[in-house]
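A closer look at the structure
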Amino acid sequence: MTAASRGDWRAVHDEAMRRIGAREWKPGALIPAETALAEEFGCARATVGRAMRELAAAGLIERRRKAGTRVAERPVRHARLAIPLIREEIEAAGAAYSYALLGAEERAAPPPIRARFGEARLLHAAAIHFAGGAPAVLEERWINLDLMPGAAEPGLFETESANEWLVRHAPFAGGEMAVSAEAAEAAEAAALGVAPGAPLLAVERLTRGPEGPVTLARLAHAPGRRMRLDL
């Protein structure tokens, strides 16, 4: 059974990207109808539709009612960042991955966080991701429970990180990311096993869905960590 047949729109998206890049679907060429692609991939038409919407948003295809979908003649180039899974990054570097939840609870957010989410109910979750048994990433995250009520399920993040759960379940419409070099504060230093003031790579990422902000994460990477982003 293929990933597409399990309802994974990313499998359809990636194969369509491959065909466009290899010029199997040439610029200006008409792309098979969604019903035909759904039959080819063994998945629901809605799965194909989601993949096509992502390609259209990236400027790679043009969708016109009654005229079908075509490969863009001159694609509009947008920088697209794939949201990385920390587990996969660590495993790709050849290290054994493990994870520990520090806590997850609904709570009132400080004003700078509240300004991002308005009056939404928020869940705060914190965890450490380990590489080869050593602390690698301290994850602190706020999740909008009005949009993702399933995140409040007791024990949800005991064995699966919020990073992975949200990538699999949250709708994505855009976001913003800031990267900075910062000195480790006392709590961060203790969690990551470094001296206070040690240099950390800090990544703050806000992810939005169609209805508003879904999650705000701060990832503090221990010294020596290498972060890769695919455009």
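Let me sum up the structure you'll find in this document.

What counts and how
Residues numbered from 1 in each chain as written. Predicted model: local features only at pLDDT ≥ 70, side-chain atom pairs only at ≥ 80, totals over all residues. Heavy atoms only, no water. 1 Å grid on protein atoms, 1.4 Å probe; cavity = no way out; pocket = protein on both sides within 12 Å on 5 of 7 lines; lining within 4 Å. Points joined across faces, edges and corners; volume = space filled by probe spheres on them. Helix = DSSP H or I, 4+ residues; strand = E, 2+ residues; numbered from the N terminus. Nonpolar A, V, L, I, M, F, W, Y, C, P; charged D, E, K, R; others polar. Buried < 20%, exposed > 50% of the residue type's maximum accessible area, 1.4 Å probe, protein only. Contact = heavy atoms within 4.5 Å. Phe/Tyr/Trp six-rings, centres within 6.5 Å; stacked < 30°, edge-to-face > 60°. Pairing = 2+ DSSP bridges. Axes fitted to C-alpha atoms, helices over the stretch in contact; angles between N-to-C directions. Salt bridge = Lys/Arg side-chain N within 4 Å of Asp/Glu carboxyl O.

Some thoughts on empty space enclosed by the protein
Rolling a probe over the atoms, with the probe sized like a water molecule, indicates the empty space that remains. Scanning all chains against the criterion turns up two cavities of 30 Å³ or more. Within this model, the largest cavity holds a volume of roughly 40 Å³. Here the lining of the largest cavity takes three residues from strand β5 (residues 122-131), the largest share from any one element. Its residues assigned to classes, the lining of the largest cavity shows seven nonpolar, one polar and two charged. One number sums up the size of the second largest cavity: a volume of about 40 Å³. Around the second largest cavity sit Pro84, Ile86, Glu89, Arg205, Leu219, His221 and Met227, which together line it.

Side note on the environment of Gly132
When you line up the elements, Gly132 lands in the loop between β5 and β6 (134-144). Relative accessible area serves as the criterion here: at 59%, Gly132 is assigned to the exposed category. In the structure, Gly132 is positioned 37 residues away from Ala95 in sequence and 5.1 Å away in space, judged by C-alpha atoms. Apart from the residues lying within four places of it in its own chain, the contact partners of Gly132 are Ala95 and Ala96.

Remarks on the environment of Pro196
Tracing the backbone through its elements, the reader meets Pro196 in the loop between α7 (186-192) and β8 (199-209). On the accessibility criterion, Pro196 (64% relative accessible area) is exposed. Sequence spacing of Pro196 and Ala22 is 174 residues, and the spatial spacing of their C-alpha atoms is 50 Å. Once residues within four sequence positions are removed from consideration, Pro196 is found in contact with Ala184 and Ala189.

Examining the packing of aromatic side chains
Under the definition given, this model contains one aromatic pair. Ring geometry for Phe157 against Trp165: centres 5.9 Å apart, planes inclined by 80°, an arrangement best described as edge-to-face. Look at Trp165 and you get buried, because its relative accessible area is 8%.

Some details on helix α6 (residues 162-169)
For α6, the complete set of buried residues consists of Ala162, Asn163, Glu164, Trp165 and Leu166. The inward-facing, buried residues of α6 abut α4 (86-92), β4 (97-106), β6, β8 and β9 (212-221).

Concerning the sheet that holds β5
Reading across from one edge, β4-β5-β6-β9-β8-β7 is the order of the six strands in this open sheet, with antiparallel pairing throughout. This sheet does not close on itself; its edge strands, each paired only once, are β4 and β7 (174-183). Across the sheet, the mean angle from the axis of one strand to that of its neighbour is 15°, orientation sign disregarded. Where β8 meets β9, nine bridges bridge the pair, whose relative direction is antiparallel.

Regarding the pattern of salt bridges
Tallied over the entire structure, the rule returns 21 salt bridges. A salt bridge links Arg141 to Glu139; its shortest N-O distance comes to 2.7 Å. Overall, the relative accessible area of 3% leaves Arg141 in the buried class. The exposure class assigned to Glu139 is buried, which follows from its relative accessible area of 2%. Among the charged side chains, a network of salt bridges with common partners joins Glu15, Arg18, Arg19, Glu24 and Glu40.

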